[in-house]
Structures are given as structure tokens and as C-alpha cells.
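Survey of secondary and tertiary structure
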Amino acid sequence: MISPPWFEDFNVGDDFSNVPSVTLTEGYAALHQAMFADRLRLPLDKPLSFAVTGRHAFLANSSLVGNMAIGQSTVPSQRVIGNLFYRGMVFRKPVFIGDTLTTQTRLIALRQNRIREGRAATGMIVLEIHVHNQHDETVMHFWRCPMIPCRAPDADTGRNDSLDTIPETIADEDLANAVPDWDYPAYVGRVPGCHYEDYHAGSSFIVEARDTITSAPELARMTLNLAMPHTDAGRSVYGKRLVYGGHTISMAAAQLSRAIPNLMSILAWYRCDHSAPVFEGDIIDSVVTIDDKLDLGSAGILKLHVEVHAHRGEEAPEPGEHIKVLDWQLAGLMAKRSLQYSK
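Here we summarise the structure given alongside this text. (Residues numbered from 1 in each chain as written. Predicted model: local features only at pLDDT ≥ 70, side-chain atom pairs only at ≥ 80, totals over all residues. Heavy atoms only, no water.)

The next point concerns the packing of helix α1 (residues 26-36) against helix α3 (residues 62-72). Their axes nearest at 10 Å, the elements α1 and α3 cross at an angle of 105°. Here α1 is positioned roughly perpendicular relative to α3, judged by the angle of their axes. Here Tyr28, Ala29 and His32 of α1 come into contact with α3, specifically with Ser63, Leu64, Asn67 and Met68. Of the residues belonging to the contact of α1 with α3, the class tally is 4 nonpolar, 3 polar and no charged. (Axes fitted to C-alpha atoms, helices over the stretch in contact; angles between N-to-C directions. Helix = DSSP H or I, 4+ residues; strand = E, 2+ residues; numbered from the N terminus. Parallel < 35°, antiparallel > 145°, perpendicular 65-115°, else oblique. Contact = heavy atoms within 4.5 Å. Nonpolar A, V, L, I, M, F, W, Y, C, P; charged D, E, K, R; others polar.)

Printed below as a string of C-alpha cells:
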């Protein structure tokens, strides 16, 4: 039997990098677009993408890149009960259709959850993840924390590693270093509407059009995600397939692209917490708030906070009408209108 690891099987320093590399194709992009209807312009418009990036290729949607990287990192989390959070995800270099992604995953901390009577033992594993392209350039770096069951329901492993090595934020300097050298005036010149200067800290947007979660196992399979609860209800503690967290995040990103239609790309995730599980058939909505702005001269960054709620019927596990399922803080890249005629 091919048996994935339990919490007791892990050790700090374990490496899980022996996974297939993946070349992003237009097929991957089309399937991802069909699932989420993301309205970011550069991954949809090849002439615009070329004019802005200088590459004769579609820019890959950051949600597709993130989903592929997370899927490649799931060898240690096949028994996952739920992924608790992501931290410090920075898209350090743009990824284009035709690029090949290789993901390296290393376990950096283990912490068993508090033992409670009547509840089987579980623990958290913290994974540090680096993603490289075919030129061995780092395109992503982040941390994520899955919760894994113990083999023995009454296990007491004594594992209590500090989680202090996980960054709580991303410095403005790191964000600035990740901003690509693009032709931002070309974007403003071709795309009408609101740009960086038109948005203000403290503004909030409620996306009225909700989305129903569908095709959840298909996304998991497409991204090589091995987590069993996403495809097998019998492996879920809820008795129903658990939707992969990146699926919910990608749908939130698509709703974000409606709230801020001229967002160029998602540059980083400061933090992303899964507040509650999501199931196929849930209907989700988002509230987008601009926490702050960062003027970088050639471009600008909106520091965004997205809160996602799910609506589910009485027949579902944990039914409810307004369940907070996602708390996401991220950085979005915008073009500046003031630079339109600077070149």
C-alpha cells in the first residue's frame, strides 16, 4: 500500500521536492479561466501583455501559478484535515505561458495541537516552499501550514516547535524588489478607467455578484494536488469533499478583479487564513478594503484586505447563511496615470 505520512512520521528538515515540474500551457490557462472567470487583463489579452511586458507570450495569472505551486507541495499533506494559513507569499518574477515551474518543499516546524478529550490527536506542519522557473530563477517563495492527523488517536508526540520563523508581514522593500520592469504608461494608454491615483485608503467594495463553488476536484487534479479530502469524501472529517483552499482564494481573486478592474496583477499575499471549511455548492461573496497604498514611482501598490463569506444550505456540513471562510491580505500592482506620457 502507498501510505502517505501521518504527523508522527515527520521530522524538521524533511524535503519533499521530488515532484514533477510543470510547464504552463494555454490549456492550463484555459481550464483555470473556465473555473474562475478572472478578469485580470494581461493574462487575457496577448497584444496588451506584449505591449506592457515585452514578452511575446501571455502573462500567466498569479492564481494559476499559486495553485500549481501549492499543488506541487502536497506530498506531505495528503492526509490534510485543512490548510490553516499561508504567509509571506511573494511573486518575485512574472511567469508566462510556456514557463516551467519546479517546486521545492521543506518542513521547518512541527507543533502538535492541544490534546482534548474526545478528539483525535492532530498536529501542524509548517512548510517552506520555493518555486523556480526553467532558468533557475526564483519566481515564488512562501510558507503554508497544513493540519495533519496523528496515526494514534491518543498520541502525545511532545512536538512544540516555535512558529516565529514564519514572517508576519512583507517589507515594502521586498514588495518594491518584486515589481516587474514593465511599460506602465503603455497599460494606462490602452486601458481606460480607474488607475492607482483613483483609489484611496479606507475605501471598501462589496461585490454583489456571488459565485457558486464548482469543479473543485478538477482543479485539485489539474494542479497535482494529492490531498485526499479534496477528491474523497471518506477522507474528510466532514463526511463531504473539502474544497481545496486555493480554489476559494482563486474565486476571491476573480471577485477582486471585478471590484478593481484595472488591477494589473497580484504581487504578494501578506497572509491568508482559512477561517472555516468550504464545500462544493457553497455560494461565496467578497468584501474588498484598501488598507493602504504604496507609491513606487513607476507603479503603485494597493494593500488590500479581502474577506470572503459562504452561504450554504441546511443539508450541508456546518450550514449557515454568512460564514466567514477566508481572511486574505495581499498586495495588488497598479499602473499610474501620471506616467502615461513620461516615455
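What follows concerns unusual backbone geometry. Leaving glycine aside, a negative phi is the common case for residues, and trans is the common case for peptide bonds. Although it is not a glycine, Ala37 adopts a positive phi angle of roughly 55°. Relative to the helices and strands, Ala37 resides in the loop between α1 and α2 (46-53). We note that Ser215 has phi near 60°; this positive angle belongs to a residue other than glycine. When you line up the elements, Ser215 lands in the loop between β6 (204-212) and α6 (216-222).

This next bit is on the pattern of salt bridges. Summed over all chains, the structure comprises 15 salt bridges. Residue Lys303 is joined to Asp172 by a salt bridge in which the shortest nitrogen-to-oxygen separation is 2.8 Å. Pair noted here: Lys303 is in strand β9 (residues 300-312) and Asp172 is in helix α4 (residues 172-178), with a separation of 131 residues, a long-range link. Judged by its relative accessible area of 15%, Lys303 is buried. For Arg271, the salt bridge is made with Asp327, and the minimal N-O distance between the two is 3.1 Å. Here the residue Arg271 occupies a position in strand β7 (residues 265-274), and Asp327 occupies one in strand β10 (residues 320-334), the gap between them amounting to 56 residues. One exposure class covers both Arg271 and Asp327, and it is buried. (Salt bridge = Lys/Arg side-chain N within 4 Å of Asp/Glu carboxyl O. Buried < 20%, exposed > 50% of the residue type's maximum accessible area, 1.4 Å probe, protein only.)

Time to look at the environment of Pro20. Secondary-structure assignment places Pro20 in the segment before β1 (22-23). Separated by 52 residues in the primary sequence, Pro20 and Gln72 have C-alpha atoms spaced 7.6 Å apart. Filtering out sequence-adjacent residues up to four positions away, Pro20 remains in contact with Gln72 and Leu224.

A separate point is the sheet that holds β10. Sheet architecture is open: 10 strands sit in the order β1-β3-β4-β5-β2-β7-β10-β9-β8-β6, paired in antiparallel fashion. Either end of the sheet is taken by a strand with one partner, and the two such strands are β1 and β6. Of the pairings in the sheet, the one linking strand β4 (residues 122-132) to strand β5 (residues 138-149) comprises 9 bridges and is antiparallel in character. Each bridged residue has a counterpart across the sheet, and for Met124 the counterpart in β5 is Met147. Of the strands in this sheet, β2 (82-91), β6, β7, β8 (283-295), β9 and β10 touch helix α7 (residues 245-259), which is tilted by about 125° from β6. (Pairing = 2+ DSSP bridges.)

With that settled, the discussion passes to the pairing of β5. β5 sits mainly inside the fold: 11 of its 12 residues count as buried. Across 7 bridges, β2 lies against β5 in antiparallel orientation. Its bridge partner lying in β5, Arg87 is registered against Trp143. Taking the residues between adjacent antiparallel strands as the criterion, β4 and β5 are bridged by 5 residues, where Asp136 takes a positive phi near 65°.

Our focus in this paragraph is α3. A large share of α3 lies buried, amounting to 11 of its 11 residues. What α3 keeps buried is the set Ser62, Ser63, Leu64, Val65, Gly66, Asn67, Met68, Ala69, Ile70, Gly71 and Gln72. The N-terminus of α3 is capped by Asn61, whose side-chain oxygen sits 2.8 Å from the backbone nitrogen of Ser63. (Polar contact = N/O pair within 3.5 Å; in protein donor to acceptor, adjacent residues only side chain to side chain.)

Moving on: the pairing of β4. Counting buried residues in β4 gives 10 out of 11 residues, a clear majority hidden from the surface. By the bridge criterion, 10 bridges tie strand β3 (residues 100-112) to β4 in an arrangement that is antiparallel. Bridge assignment links Thr103 to a residue of β4, and that residue is Val131.

This brings us to the packing of α1 against α7. Contact geometry of α1 with α7 gives a least axis separation of 9 Å together with a crossing angle of 75°. Taken together, α1 and α7 sit at an angle that is classed as roughly perpendicular. Here α1 contributes His32, Met35 and Phe36 to the contact with α7, which in turn contributes His247, Ser250, Met251 and Ala254. In the contact of α1 with α7, the residues fall into 4 nonpolar, 3 polar and no charged.

Attention shifts here to the nonpolar core. Formed by 73 residues in total, the largest nonpolar core has its most connected members in Ile260, Trp269 and Trp328. The element best represented in this core is α7, accounting for 7 residues. Filtering out sequence-adjacent residues up to four positions away, Trp328 remains in contact with Ile249, Ala252, Ala253, Ile266, Trp269, Arg271, Cys272, Leu304, His305 and Val306. (Core = buried A, V, L, I, M, F, W, Y, C linked by side-chain atoms within 4.5 Å.)

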